[in-house]
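Below, each chain spelled out in residue letters.
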Amino acid sequence: LQKISKIPILGIIGRNYSGYELLSKQSPKSSIHEGFRALRSNLNFHNSLQEKQVYLVTSSVSGEGKTYIAENLSIVFAQSGKKTLVIGGDLRRPKLYSDFGLDNKVGLTNYMLSDIPFSEVICKSDVENLDVLASGPLPANPADALLSEKLEIMMKELRKVYDVIILDTPPIGLVADALTLMNYSDANLYVTRQNYTKRGLLSYVNDMYDKNRLGNLHIVFNDVKEGSGAYGYGYGYGYGYGYDYGYNYGYLQKSDYFDDDEKSE
């Protein structure tokens, strides 16, 4: 990652062997908790001048763990006493709602495409200080829905209520939705996954970064295997879903991944 990209690496999250996707279901003393606390601490350090923060999480393709990072980062911020909201900004193939036990019948699209106030589509989670705004029913044209003036109004109002807002978005390598939502974020997290992310996928992101199109961007290296050399011990990750995001992305060769046994050139 350091050799092929100038984008700074903000955090490393290890493999999760627990079988649970949410930190709220794991021991607070677990190593995976420590990994997300370290990521939270790094974000606080890099964004210390602004009291309220909006973080956006994206990746290149499906399966790299962007939703996993978004929802668990929101949990550790809430556990630190910050009033936190996590938003399901993926209007194409949402997943965040199911991890929090919601049904997705009410959410962001209800607010943007009807007269329902946003206060009525936000749900409380089982985690203290953490609210969830699910994506809601899938719209006919997600890209156009995100251009709604109501979204801009909502984000301004939410900043007054919450200390931290985290946006889970579609993969930036497949659709432009994340670029639209970056208009509302203070810092953007680009998730790559060991033994999964194809090296060539960073070419597009590197080019956009060089053209200052991606704002305050940082890399999060996800699903790092214990003892792989990237990190001294594994924090936790066990996500596992394939490149079936619905955007017809092609098959990836293993030799193109960020491999855990790769030797230095």
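Higher on the page you've got the structure.
Residues numbered from 1 in each chain as written. Predicted model: local features only at pLDDT ≥ 70, side-chain atom pairs only at ≥ 80, totals over all residues. Heavy atoms only, no water.

Here's the deal with the nonpolar core
Ranked by size, the top nonpolar core spans 38 residues in total, and within it Ile87, Leu151, Met154, Met155 and Leu158 carry the most contacts. Mapped by element, the contributors of at least two residues to this core are strand E2 (53-59), strand E3 (84-88), helix H4 (108-113), helix H6 (149-161), strand E6 (164-168), helix H7 (177-181), helix H8 (201-210) and strand E8 (217-224). With near-sequence residues (within four places) excluded, Leu158 lies in contact with Leu85, Ile87, Phe118, Ile122 and Ile165. Membership of the second largest hydrophobic core comes to 30 residues, among which are Phe36, Ala70, Leu73 and Phe100. (Core = buried A, V, L, I, M, F, W, Y, C linked by side-chain atoms within 4.5 Å. Buried < 20%, exposed > 50% of the residue type's maximum accessible area, 1.4 Å probe, protein only. Helix = DSSP H or I, 4+ residues; strand = E, 2+ residues; numbered from the N terminus. Contact = heavy atoms within 4.5 Å.)

Comments concerning the packing of aromatic side chains
A complete count under the given rule lists three aromatic pairs for this structure. On the basis of an interplanar angle of 20° and a centroid distance of 5.6 Å, the ring pair of Tyr55 and Phe77 is categorised as stacked. Here Tyr55, found in strand E2, pairs with Phe77, found in helix H2 (residues 66-79); they are 22 residues apart in sequence, far enough to count as distant. By relative accessible area, Tyr55 is classed as buried at 1%. Aromatic pair Tyr111 and Phe118: ring centres 5.9 Å apart, planes at 85°, arrangement edge-to-face. Neither Tyr111 nor Phe118 differs from the other in exposure class; each is buried. (Phe/Tyr/Trp six-rings, centres within 6.5 Å; stacked < 30°, edge-to-face > 60°.)

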